[in-house]
Amino acid sequence: MSDTNLRVLLSEEQIQTRIRELGEKISQDYPAGHLHLICILKGAVFFMTDLARALKRDVLVDFMGISTYGKGKTSSGEVRVTKDLDISLEGADVLIVEDIVDSGVTLNYLMHVLEQRKPRSIRIAALLDKPERRLRPVHVSYVGFEIPDEFVVGYGLDYAEKYRNLRDICVLGEPAVTA
Ligand code: PRP
């Protein structure tokens, strides 16, 4: 794509190298058996498919849809489940897979909801973390990259649903003003 408002922050190579490292680490940390991956739609789909293939473990994959209102603007963002899981979490080692943690509102809510479903363990893997933006506490066990507070797109992340299929993660700038 030739969009002059895009500046590469993390290249495809950097992303894939880091995901392989995360895959190694996660595989070492868990006991033998299935790891239950929960992908938070939609942005995390890209990360989830690459991470799943970097794991030296059998995995189950399931998907959850979340909608938030007022996210990132206030600490009282409302969260709603728009698509629930298909598979029970009881007794499972669960790994929530997210593309980005921003205010923390989504994951803070989700941890409370999913802990009630009696998994054996539950952790979070997020490719990107913007710690400066945090409004709610979230413990992320596996972070790909900490990034500054800039608007990023690509590798699943969108602006108005565009740019998700970029291979790199890019900062989206203001359109240039032309006379
Ligand atoms: C993004 C991201 C997380 C959430 C993080 O999803 O995928 O789910 O925002 O933000 P928070 O930490 O402030 O809660 P988004 O709502 O953009 O949906 P999408 O993945 O479908 O694009």
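Scroll up for the structure.
Per chain, residue numbering runs from 1 following the sequence as it is written. Given that the model is predicted, a residue must reach a pLDDT of at least 70 before its local features are reported, and side-chain atom pairs must reach 80 or more before they are shown or counted; all residues, however, enter totals for whole chains, interfaces and linings. Where side-chain values are given, they derive from all heavy atoms of the structure, hydrogens and water being excluded.

Asker: It is not clear to me how the packing of aromatic side chains should be interpreted in this structure. Could you clarify?
Answerer: The relation between two aromatic rings is expressed through the spacing of the ring centres and the mutual angle of the planes. Two rings from Phe, Tyr or Trp (for Trp, the six-membered ring) form a pair when their centres are within 6.5 Å of each other. A pair whose planes differ by under 30 degrees is stacked, one over 60 is edge-to-face, and the rest are tilted. Throughout the structure, instances matching the rule amount to two aromatic pairs. Measuring from centroid to centroid gives 6.3 Å for phenylalanine 46 and tyrosine 155, while their planes differ by 55 degrees, and the two rings are tilted. Of this pair, phenylalanine 46 sits in helix α2 (residues 45-54) while tyrosine 155 sits in the loop between β8 (152-153) and β9 (169-172), and the two are 109 residues apart along the sequence. Three labels apply to residues, based on accessible area from a 1.4 Å probe with only protein chains included: buried if under 20% of the type maximum, exposed if over 50%, partly exposed otherwise in between. Here tyrosine 155 falls in the buried class, since its relative accessible area comes to 6%. Runs of H or I in DSSP of at least four residues are treated as helices and runs of E of at least two as strands, each being numbered from the N terminus.

Asker: I keep staring at unusual backbone geometry and nothing clicks. Help me out?
Answerer: For residues besides glycine, phi is generally negative; the peptide bonds are generally trans as well. Going from leucine 41 to lysine 42, the amide bond is cis rather than trans, its omega being -5 degrees. A positive phi angle is found at lysine 118, which is not glycine, with a value near 60 degrees. Within the secondary structure, lysine 118 sits in the loop between α3 (105-115) and β6 (121-129). The class for lysine 118 is exposed, based on a relative accessible area of 56%.

Asker: Would you take a moment to explain the site of the ligand for this structure?
Answerer: Whether a residue is near a molecule or strand is decided by its heavy atoms; if any one of them lies within 4 Å of it, the residue is near. Among the 15 residues in the neighbourhood of the ligand, the closest are listed as Glu98, Asp99, Ser103, Gly104 and Thr106. Take glycine 104: an N or O atom from its main chain is 2.8 Å from an oxygen atom of the ligand. Whenever a nitrogen or oxygen atom comes within 3.5 Å of another N or O atom, the pair is scored as a polar contact, on the condition that within protein one atom can donate a hydrogen and the other can accept it, and that pairs from neighbouring residues in sequence are kept only if both atoms are in side chains. At 2.5 Å from an oxygen atom of the ligand is found a side-chain nitrogen or oxygen belonging to threonine 106. Note on areas: Shrake-Rupley with a 1.4 Å probe; residue coverage comes only from the protein chains shown. Here the ligand has 500 Å² of accessible area as a free molecule, and 83% of this is covered by the chains. Contributing elements (two or more residues each) for the shell around the ligand: β5 (93-101) and α3. Grouping the constituent residues of the shell around the ligand by class yields four nonpolar, four polar and seven charged. Charged residues are taken to be Asp, Glu, Lys and Arg, nonpolar residues to be Ala, Val, Leu, Ile, Met, Phe, Trp, Tyr, Cys and Pro, and polar residues to be all remaining types, Gly included.

Asker: Is there a simple way to think about the sheet that holds strand β7 (residues 142-146) in this case?
Answerer: Hydrogen bonding along the main chain pairs the strands of a sheet, whether they run parallel or antiparallel. Spatial strand order, β4-β3-β2-β5-β6-β7: six strands in an open sheet with mixed pairing. Each edge of the open sheet carries a strand with a single partner, namely β4 (78-83) and β7. Shown here is a sheet whose adjacent strand axes are inclined to one another by a mean of 25 degrees, direction ignored. Two strands pair when backbone bridges link them, and strand β3 (residues 59-69) and β4 are joined in this way by five bridges, in the antiparallel orientation. The residue of β4 that forms the bridge with threonine 68 is valine 79. Only heavy atoms enter the contact rule, under which two residues are in contact if any of them lie within 4.5 Å. Here an angle of 0 to 180 degrees is reported between the N-to-C directions of two axes, which are lines fitted to C-alpha atoms, with helices fitted over the stretch in contact. Set on the sheet, helix α1 (residues 12-29) makes contact with β2 (35-41), β5, β6 and β7; between it and β7 the angle comes to about 160 degrees. Where α3 meets the sheet, it contacts β2, β3, β4, β5 and β6, and its direction lies at approximately 165 degrees from that of β5. Strand pairing follows a simple DSSP-based rule, namely that at least 2 bridges must link the two strands.

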